[in-house]
Amino acid sequence: MMKMTGIKHNMKTYSMLINGFLKLKDWANAFSVFEDFTKDGLKPDVVLYNNIITAFCGMGNMDRAICMVKQMQKERHRPTTRTFLPIIHGFAKAGEMRRALEIFDMMRRNGCIPTVHTYNALILGLVEKRQMAKAVAILDEMNLAGVAPNEHTYTTLMQGYASLGDTEKAFQYFTVLRNEGLEIDVYTYEALLKACCKSGRMQSALAVTKEMSAKKIPRNTFVYNILIDGWARRGDVWEAADLMQQMRKEGVRPDIHTYTSFINACCKAGDMQKATEIIQEMEASGIKPNIKTYTTLINGWARASMPEKALKCFEEMKEAGLKPDRAVYHCLVTSLLSRATFAQSYVYSGLLSICREMIESEMTVDMGTAVHWSRCLRKIERTGGELTEALQKTFPPDWTSHNVLDVNSETETADLEIDDVDNEDDYDVHYNANGFNNDDETDDEDSDNEDQDSLQLKF
């Protein structure tokens, strides 16, 4: 319409269009508009350069983003803090903390003052790598620089300690957040619940949920997943079922992680019939089992001393088009070996088939697993045999029979714990959407008018 009326696009027009596509994470259209911009003979300003750098980072093309910084400097545009933020965040999210810190230093050399968002990006990257001491060091540096941490800073640290099951540290930063009068939202409570559930403190988790209700903070799918997984760790299928019922009443839709955690609770309680019913319910609601769901079921059938069902489940997983990963093979082989005192024909042939698949995929297990499997094998084939020979091909290169005889320490038992459904990737997505404000340079955050000092949690 602008073209039809003879109005030419200017810098502002293109910048707004590119920014709109960036909000949608539509990198292709953002670059398409940028091409039109250059064809019109216009020269990018700092804002447009920043947007294109954000697009490159969104695509994961960090080197091109850095090239754009150099190009803008050649054209005598001075990079801003916002120029470097998506690059730092991109490297941190990819786990390349050394490069993220290099860009952080480059930013400061260019005279840019780090903001709370810049520090938050570094802290998030370190937390995701479980480098909590370094994350706290960044927090200390932040305070020394006179940059006040916000709720996202502390929530990220709480999430890191929650992943490690360090409830004390998680509550320590929760107290700091509360005392500083910062906003306590559902993401903060998620971190607290995760810490409680991972450390088995379910009564503390219940106190947290009561406080959420008092604050009128609704429980979302992530919160329910954390709680259901906490009870699943105890094999408390009744509590898990009660939470599933509450979800339905509140109109919260279960996802694949919810169902997998509930199935895990059923498996730990030995209620495989219920686990099978949940699979059927899940599929009826349009949710297909994933690798973790099948791994949970396989482990459940093995624990129930039904190896034929475990092997059948393994075959169903492959028929569903899912490729077994290292965890599936480890779970299946460990479970079958640990519960076999003699070589039943179908178990023996099943194990042989699995071994061949592992060999074809060039999978190698760690030394601890090799030692445990070797001990189990001696119960089945005391003098060795075809299964022993096949399985040993998956052992580490430095494996010898002497390794088994010389090991005095206890190795990990066969009963694999299905990892808690942390949804760390999902958490990263929904948390980052709220934790980093790339649309403006202000550090002010919207806060509600609730009295933060009214929080009365007793643990």
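Residues numbered from 1 in each chain as written. Predicted model: local features only at pLDDT ≥ 70, side-chain atom pairs only at ≥ 80, totals over all residues. Heavy atoms only, no water.

A word on the overall build of the protein
A count of helices and strands for the protein gives 24 helices and 0 strands. Within the span of the protein, comprising 459 residues, buried residues form 49% of the whole. Expressed as a percentage of contacts within the protein between residues at least 6 apart in sequence, the contacts between residues at least 24 apart total 69%. (Helix = DSSP H or I, 4+ residues; strand = E, 2+ residues; numbered from the N terminus. Buried < 20%, exposed > 50% of the residue type's maximum accessible area, 1.4 Å probe, protein only. Contact = heavy atoms within 4.5 Å.)

What to know about the confidence of the model for the protein
Here the protein averages 81 in pLDDT, while 85% of its residues score no lower than 70. In the model, residues 404-459 has pLDDT below 50 throughout and makes 126 contacts with residues more than four positions away in sequence or in other chains. (pLDDT = per-residue confidence, 0-100.)

Some remarks on unusual backbone geometry
Positive phi outside glycine occurs at R76, with the angle close to 65 degrees. Relative to the assigned elements, R76 resides in the loop between α4 (62-74) and α5 (81-93). For R76, a relative accessible area of 78% translates into the label exposed. Despite not being glycine, E362 shows a phi value in the positive range, around 55 degrees. With respect to the secondary-structure elements, E362 resides in the loop between α20 (345-360) and α21 (367-380).

Brief notes about the pattern of salt bridges
For the structure on display, the rule yields 10 salt bridges. A salt bridge links D105 to R108, with the nearest nitrogen and oxygen atoms 3.5 Å apart. One end of the pair, D105, and the other, R108, are both in helix α6 (residues 97-109), 3 residues apart, so they sit about a helical turn from each other. Its relative accessible area of 37% is what places R108 among the partly exposed residues. The closest approach of N and O atoms between E141 and R108, which form a salt bridge, is 2.8 Å. Of this pair, E141 sits in helix α8 (residues 132-144) while R108 sits in helix α6, and the two are 33 residues apart along the sequence. Salt bridges sharing partners connect three or more residues here, namely D105, R108 and E141. (Salt bridge = Lys/Arg side-chain N within 4 Å of Asp/Glu carboxyl O.)

Details of the environment of M107
Position of M107 among the secondary structure elements: in helix α6. Exposure remark for M107: the relative accessible area of 0% places this residue in the buried category. Beyond its immediate stretch of four places on either side in the chain, M107 contacts T81, F84, I88, C112, I113, P114 and T118.

A few points about the packing of α4 against α5
The N-to-C vectors of α4 and α5 enclose an angle of 160 degrees; their axes lie 10 Å apart at closest approach. Put simply, α4 runs roughly antiparallel to α5. For the element pair α4 and α5, the recorded crossing hand is left-handed. Of the residues in α5, those in contact with M62, A65, I66, V69 and M72 of α4 are T83, F84, P86, I87, G90 and F91. Of the residues in the contact of α4 with α5, the class split is 9 nonpolar, 2 polar and no charged. (Axes fitted to C-alpha atoms, helices over the stretch in contact; angles between N-to-C directions. Parallel < 35°, antiparallel > 145°, perpendicular 65-115°, else oblique. Left-handed = near helix turned anticlockwise from the far one by under 90°. Nonpolar A, V, L, I, M, F, W, Y, C, P; charged D, E, K, R; others polar.)

Examining the packing of helix α12 (residues 202-214) against helix α13 (residues 221-234)
When two helices pack together, their arrangement is given by the angle between the helix axes and the distance between those axes. Direction vectors running N to C along α12 and α13 enclose 160 degrees, while the axes themselves pass 11 Å from each other. Regarding the angle of α12 to α13, the classification is roughly antiparallel. Regarding α12 and α13, the two cross each other, and that crossing is left-handed. In contact with M202, A205, L206, T209 and M212 of α12, α13 contributes V223, L227, G230, W231 and R234. Per-class residue counts for the contact of α12 with α13 are 7 nonpolar, 2 polar and 1 charged.

A few points about α4
An ideal rise of 1.5 Å per residue puts 18 Å on 13 residues; α4 measures up with 19 Å between its terminal C-alpha atoms. Those residues of α4 that fall on the buried side of the exposure criterion are M62, A65, I66, M68, V69 and M72. Viewed end-on, α4 has its buried residues packed into an arc of 150 degrees, placing them on one side of the element. Of the surrounding elements, those touching the buried residues of α4 are α2 (27-39), α3 (46-59), α5 and α6. With its phi angle positive at about 65 degrees, R76 sits one or two positions after the end of α4. (Expected span 1.5 Å × (residues − 1). Arc of directions from axis to C-beta.)

Quick look at the packing of aromatic side chains
If you walk through the whole model with that rule in mind, you get 8 aromatic pairs. For the ring pair F31 and F56, a centre distance of 4.7 Å and an interplane angle of 50 degrees mean the geometry is tilted. With F31 in helix α2 and F56 in helix α3, this pair connects stretches of sequence that are 25 residues apart. Classification of F31 as buried rests on a relative accessible area of 15%. (Phe/Tyr/Trp six-rings, centres within 6.5 Å; stacked < 30°, edge-to-face > 60°.)

Side note on the nonpolar core
I87, I88, L157, F262, L337 and I354 are the most contacted members of the largest nonpolar core, which totals 136 residues. For this core, the element with the most residues is helix α11 (residues 186-198), which contributes 9 residues. Leave out the neighbours within four places in its chain, and L157 touches I123, V127, M132, A135, V136, L139 and Y173. (Core = buried A, V, L, I, M, F, W, Y, C linked by side-chain atoms within 4.5 Å.)

A short note on the side chain of T209
Its location among the elements puts T209 in helix α12. Within the structure, T209 has its side chain in polar contact with the backbone oxygen of L206 (distance 2.6 Å). Setting aside residues no more than four positions away along its own chain, T209 makes contact with L193, R219 and L227. (Polar contact = N/O pair within 3.5 Å; in protein donor to acceptor, adjacent residues only side chain to side chain.)

Structural notes on helix α10 (residues 167-179)
If you check α10, its first and last C-alpha atoms are 18 Å apart, about what 13 residues at 1.5 Å a residue would give, namely 18 Å. Every buried residue of α10 is listed here: T167, A170, F171, Y173, F174, L177 and R178. End-on view of α10: buried residues confined to an arc of 160 degrees, all on one side of the axis. α10 presents E168 and N179 as exposed residues on the side facing more than 90 degrees away from its buried surface. Summarising the contacts, the buried residues of α10 are in contact with α8, α9 (151-163), α11 and α12.

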